[in-house]
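# Geometric and topological summary
Here's the letter readout for the chains.
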Amino acid sequence: MAAAGPGPLPLLLLLLLLLAAGPGPGPARGYFPEERWSPESALRPPRVMVALVARNAAHALPVTLGALERLRHPKDRTALWVAVDHSVDNTTALLRDWLVRVQGLYHRVEWRPMEEPRSYPDEEGPKHWTPSRYEHVMKLRQAALESARAIWADYVLFLDADNVLTNPDTLGLLMAENKTVVAPMLDSRAAYSNFWCGMTAQGYYRRTPAYLPVRKRERRGCFAVPMVHSTFLLDLRKEAARALAFYPPHPDYTWAFDDIIVFAFSCRRAEVQMFVCNREVYGFLPVPLRAHSTLRDEADSFLHVQLEIMVKHPPAEPSPHVWVPPKVPDKMGFDEVFMINLKRRADRRQRMLRTLHEQEIACKVVEAVDGKALNSSEVEALGIRMLPGYKDPYHGRPLTRGELGCFLSHYRVWQEVSGAEVGGKELSGGLWGCWGGF
């Protein structure tokens, strides 16, 4: 008897497997040659316009622009809209030179300088926000928004001139949230950030218990908030975005004449919810100064931003397309400045040297005594004896080896200082020490 052939079920299963396998890589298969085609190509990245309004920001712009250049979004899909607002420092010249050097890298550049006047007639100083200043900034932001719409940009990123986006993936991460208005939560050396969790009926800031858990990242995510400012992304593809405006204020607007509050009201009337995201560390911003603060105060405040970045992140490097005044370190009037550092902690040594360099402080590096490497015989050979029954007043225990190494490191510096000639003369100023894990 002949063996039975394959039944209908195995043949059907084989046919289904062949269909599921698909055409595979390369041109799609067809019965006739003219039916074959290549797979569709990927979509091009979205078109983004970055809007930056700067006033007296020469101290911050090299770092801000350097971070902007490092964003991982194709520059040929990015347009720049840059305006200068009543500056008395080198902001205009710095931005003009930068735009000349980078304009060939970006899709489009729009430059709106304002050489005169250099101040507002009703202001008391460069940090004083007056009604005329608020109105002018609103008009500038509105001009940027209209320019983005005119070039059919998909997104517009509003970026303050002293906000440093240290995360190069910020744009892509914000786009992935798929929100009409979304801000990256920016860190500072205080509780301040670029969002509010509460707003009064008159449009002013209201403290709420929801703020600090978000600011400290005890809660992580993308949160609906009544206000974002300074740096945020606007998705112009959304239908509701057509109704948003900075100027003129909505006919029903009765709140404070402030650009960020006017825009928040516009979002509310257009039923557009603002969001702030804290899933990642996106960047940093300075704490606001008082109205009577000077440009020197503002430069010092931004230096704190740079130092804050270096606590847990690499330094924020300036743009290679701008000239940065060279640092001239000195010893602050002392004969010597010592920095004590463990030889095995090269990472901390480099970070501290960079921190001191940014502050223009010259120092002498002293190798620390590694307490963890000390044994009992070495301690005895140094003539060190622990006081009987001694306990640390804070921890209620004897000194640890690390604390002993810290003491010996400073003791050796004092030995060098006492009676020694430092820099050609007796040390008369004092000792400035930096520690914290050496």
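Residues numbered from 1 in each chain as written. Predicted model: local features only at pLDDT ≥ 70, side-chain atom pairs only at ≥ 80, totals over all residues. Heavy atoms only, no water.

## Quick look at the confidence of the model for the protein
Interpretation of the predicted coordinates at a detailed level should be avoided for regions scoring low in pLDDT. The predicted model of the protein has a mean per-residue pLDDT of 88, with 88% of residues at 70 or higher. The low-confidence segment residues 422-438, where pLDDT is below 50, has 43 contacts with residues more than four positions distant or belonging to other chains. (pLDDT = per-residue confidence, 0-100. Contact = heavy atoms within 4.5 Å.)

## Concerning the pairing of strand β9 (residues 231-235)
With five of five residues buried, β9 is to be regarded as a mostly interior element. Side-chain alternation along β9 places Thr-231, Leu-233 and Asp-235 on one buried face and Phe-232 and Leu-234 on a second face that is also buried. The pairing of strand β5 (residues 181-184) with β9 spans two bridges and is classified as antiparallel. Each bridged residue has a counterpart across the sheet, and for Val-181 the counterpart in β9 is Leu-234. (Buried < 20%, exposed > 50% of the residue type's maximum accessible area, 1.4 Å probe, protein only. Helix = DSSP H or I, 4+ residues; strand = E, 2+ residues; numbered from the N terminus. Pairing = 2+ DSSP bridges.)

## Some details on the packing of helix α2 (residues 61-69) against helix α3 (residues 91-102)
The packing of two helices is summarised by the inter-axis angle and the distance between the axes. Running from N to C, α2 and α3 point in directions that differ by 25 degrees, and their axes come no closer than 11 Å. Judged by the angle between their axes, α2 and α3 are roughly parallel. Considering only the axes of α2 and α3, their crossing is right-handed. Taking contact as the criterion, the partners of Leu-61, Pro-62, Leu-65, Leu-68 and Glu-69 in α2 are, on α3, Thr-91, Leu-94, Leu-95, Trp-98 and Val-102. For the contact of α2 with α3, a count of residues per class yields eight nonpolar, one polar and one charged. (Axes fitted to C-alpha atoms, helices over the stretch in contact; angles between N-to-C directions. Parallel < 35°, antiparallel > 145°, perpendicular 65-115°, else oblique. Left-handed = near helix turned anticlockwise from the far one by under 90°. Nonpolar A, V, L, I, M, F, W, Y, C, P; charged D, E, K, R; others polar.)

## Observations concerning the sheet that holds strand β10 (residues 274-277)
If you trace the eight strands from one edge of the open sheet to the other, you get β3-β2-β1-β4-β9-β5-β10-β7, paired in mixed fashion. Unpaired on one side and paired on the other, β3 (108-112) and β7 (222-225) mark the two borders of the sheet. Shown here is a sheet whose adjacent strand axes are inclined to one another by a mean of 20 degrees, direction ignored. Judged from the six bridges that link them, strand β1 (residues 48-54) and strand β4 (residues 155-160) form a sheet pairing that is parallel. Its bridge partner lying in β4, Val-53 is registered against Asp-160. Packing of α2 onto the sheet brings it into contact with β1, β2 (78-84) and β4, and relative to β1 it is tilted by some 175 degrees. Across the sheet, α3 lies against β1, β2 and β3, angled at about 160 degrees from β2, the strand it touches most.

## Some remarks on the pattern of salt bridges
Any two side chains of opposite charge can pair, given that their charged atoms come close. Taken as a whole and assessed by the stated rule, the structure comprises 25 salt bridges. Salt-bridge contacts for Arg-72 lead to Asp-169; the nearest nitrogen and oxygen are separated by 2.9 Å. Placement of the pair is Arg-72 in the loop between α2 and β2 and Asp-169 in the loop between β4 and α5 (170-176), with a sequence separation of 97 residues. For Arg-72, a relative accessible area of 58% puts it in the exposed group. When the shortest N-O distance is used, the salt bridge between Lys-364 and Glu-416 registers 2.5 Å. Residue Lys-364 is located in strand β12 (residues 364-367), and its partner Glu-416 is located in helix α11 (residues 401-417); the two are separated by 52 residues in the primary sequence. According to the relative accessible area criterion, Lys-364 is partly exposed, its value standing at 34%. (Salt bridge = Lys/Arg side-chain N within 4 Å of Asp/Glu carboxyl O.)

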